[in-house]
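# Chain and residue survey
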Amino acid sequence: MDSLGLAKRFSPLSQFRSESDSNYAFLPFRFHRLVDQRVVLTNEVGEFTVLSPSDFELFSEHRLEQKNPAYDALKSRHFLLDSDSSVAIDLLSLKARTKYQYVKQFTALHIFVVSLRCDYSCPYCQVSRQTTEMGRFDMSEETARAAIDFTFRSPSPAIKIEFQGGEPLLNLPLIRFIVTNAKKRNEIEKRDLQFVIATNLSYLDSDVLAFCQENDIFLSTSLDGPEDLHNKNRPRPGQNGHALTVKAIETVRAELGRERISALMTTTEASLGRVRDIIDEYLVRGFRNIFLRSLSPYGFAIKTKNFDKYGTARWLDFYREGLAYILDLNKQGIPFREEYAALILTQMLTPYSHRFVDLQSPAGLGISAVVFNYDGDVYASDEARMLAEMGDKTFRLGTLNRDSYEEIIGNDVLLRAIEESITDSVPMCRDCAFKPYCGSDPVYHHATQGDWVGHKAKSGFCQKNMGIFQHLIELLESGDEDTRKILEGWART
């Protein structure tokens, strides 16, 4: 025995050498055991494969034979490198550059909060709405002009301007002002310019429709389910929100076209157990997709304690039931898509990024989306603005007409948020098999744990997304070819 006692601590080197005729090296990968003990492996660009426990043991010990079918799957998906795969590193790097192309393009989405006024009183509302007569909570033309200048400083070839509130149609004159001036500016800039109004549709009339038609404006609204559920979740005077919404949806389709309006739902405690009713309502109203969305920990959702009324496990049960129902509908010949799954499947099954701000690494704060509040304050994301309405302005980047574009984009708050949300260096994220599909949201973790990184084992964000990632992989690998073909068809190219 040597003086260091190494013989007691370590097995001889020969113990770690392969006795197989396979000669391969590992490329970077992470792994996770599924419920049935199979092992899913993922690489840096989101490609995955699932191995039996025995094949994973052979692979990890460098004993996997080339004649084993798992060998070719691992090689083609860049999990191993052998003597006749010299181009693998180049292919992997090319795929990585494609996945992260969005970072170079920089900020595309610019959200203009033109008013906090609203005629609804939704208990889960994520912002501090104001009554319809409170005009001092409207954005001014001076602020709007500065926001337009800021928007066109972005190098992104595509610019989307989204109008939010409150209810943005309560400040329609300012929306007209912004659209007119942005289009005039774009005659020089030549960007791919798009406008969206996120509205409850209460104030939709012939003037609004004509304006949207003239300027190719898209509309986004909220539809939480059948009449009783929608009106419970989204109360307004007269309790006729559902009737107004569905009538307006049909009007928009008739006047502007079916593709010009979309809808979002939010899951409250009352929604649990009714996912099929909610999906059926979307089908009845002529939609062919739905985004099954959980509550966010901001605004009135916290003040009214709605955020705490159900946990992640109950929401995941709701989501899985909804996804199973949607897959059954597709198997019956009724095309219908769940949008959150479609975003994730894009990251799993294609060379492209889903570009969904909440699941980006680094986080999409500022570099993918920026928010101009009605008062001129600039925030790193819509969630950061919602947090500010609760009195926490941690993620405020600056103020229009006071701070320059460079000062706002180079703000230490934004730089720190980006740095601390790169999942390759975030504790627990960097070792997670689902890292290629996920992000680390500093605003969420600050709001729920008081820390920008957060303790991932206690994070509802992580529990929710890991549950969905694992479920989708299990569905893809279940052996049900119909299910696999449906899910593959949802991935966007």
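Now for a quick tour of the structure. A quick note: this is a predicted structure, and the numbers were derived from the prediction, not measured.

Where helix α13 (residues 312-331) contacts helix α20 (residues 481-490), the axes come no closer than 10 Å and their chain directions differ by 100 degrees. The orientation of α13 with respect to α20, classified from their angle, is roughly perpendicular. Where α13 abuts α20, its residues Leu-323, Ile-326, Leu-327, Asn-330 and Lys-331 lie against Asp-482, Thr-483, Ile-486, Leu-487 and Trp-490. Here the contact of α13 with α20 is built from residues that sort into six nonpolar, two polar and two charged.

This part is about the pairing of strand β2 (residues 29-33). Note that β2 and strand β3 (residues 39-43) share five bridges and pair antiparallel. Within β3, the residue paired with Arg-30 across the bridge is Thr-42. Here β2 hands over to β3 after five residues, with Gln-37 in that stretch at a positive phi of 75 degrees.

In total, this model carries 23 aromatic pairs according to the counting rule given. A connected cluster of aromatic rings, assembled from ring pairs, spans Tyr-24, Phe-26, Phe-29, Phe-59, Tyr-71 and Phe-79. Taking NZ or CZ as reference, Arg-253 lies 4.4 Å from the ring centre of Phe-287, over its face. The ring centre of Trp-452 lies 3.6 Å from the NZ or CZ of Arg-416, which sits over that ring.

Another point: the sheet that holds strand β15 (residues 396-399). Ordered in space as β10-β9-β8-β7-β6-β13-β14-β15, the eight strands form an open sheet in which the pairing is mixed. Edge positions in the sheet fall to β10 (261-264) and β15, since each has one partner strand and no second. On average, each strand axis in the sheet is tilted by 25 degrees relative to the strand beside it, whichever way the strands run. Sitting on the sheet, helix α10 (residues 241-256) touches β9 (218-222) and β10, and the angle it makes with β9 is about 165 degrees.

The next thing to look at is the pairing of strand β7 (residues 158-164). The element β7 is extensively covered by neighbouring structure, given that five of its seven residues are classed as buried. With five bridges joining them, strand β6 (residues 109-113) and β7 adopt parallel strand pairing. Pairing of Leu-109 across the sheet is with Lys-160, part of β7. Pairing of β7 with strand β8 (residues 192-198) involves six bridges; the strand directions are parallel. By the bridge assignment for β8, Ala-158 is matched with Asp-192. For the segment spanning β7, helix α7 (residues 172-189) and β8, crossover handedness is right-handed.

Cut-offs used in this document
Residues numbered from 1 in each chain as written. Predicted model: local features only at pLDDT ≥ 70, side-chain atom pairs only at ≥ 80, totals over all residues. Heavy atoms only, no water. Axes fitted to C-alpha atoms, helices over the stretch in contact; angles between N-to-C directions. Helix = DSSP H or I, 4+ residues; strand = E, 2+ residues; numbered from the N terminus. Parallel < 35°, antiparallel > 145°, perpendicular 65-115°, else oblique. Contact = heavy atoms within 4.5 Å. Nonpolar A, V, L, I, M, F, W, Y, C, P; charged D, E, K, R; others polar. Pairing = 2+ DSSP bridges. Phe/Tyr/Trp six-rings, centres within 6.5 Å; stacked < 30°, edge-to-face > 60°. Lys NZ or Arg CZ within 6 Å of the ring centre and 35° of its normal. Buried < 20%, exposed > 50% of the residue type's maximum accessible area, 1.4 Å probe, protein only. Right-handed = clockwise from strand over helix to strand, strands pointing away.

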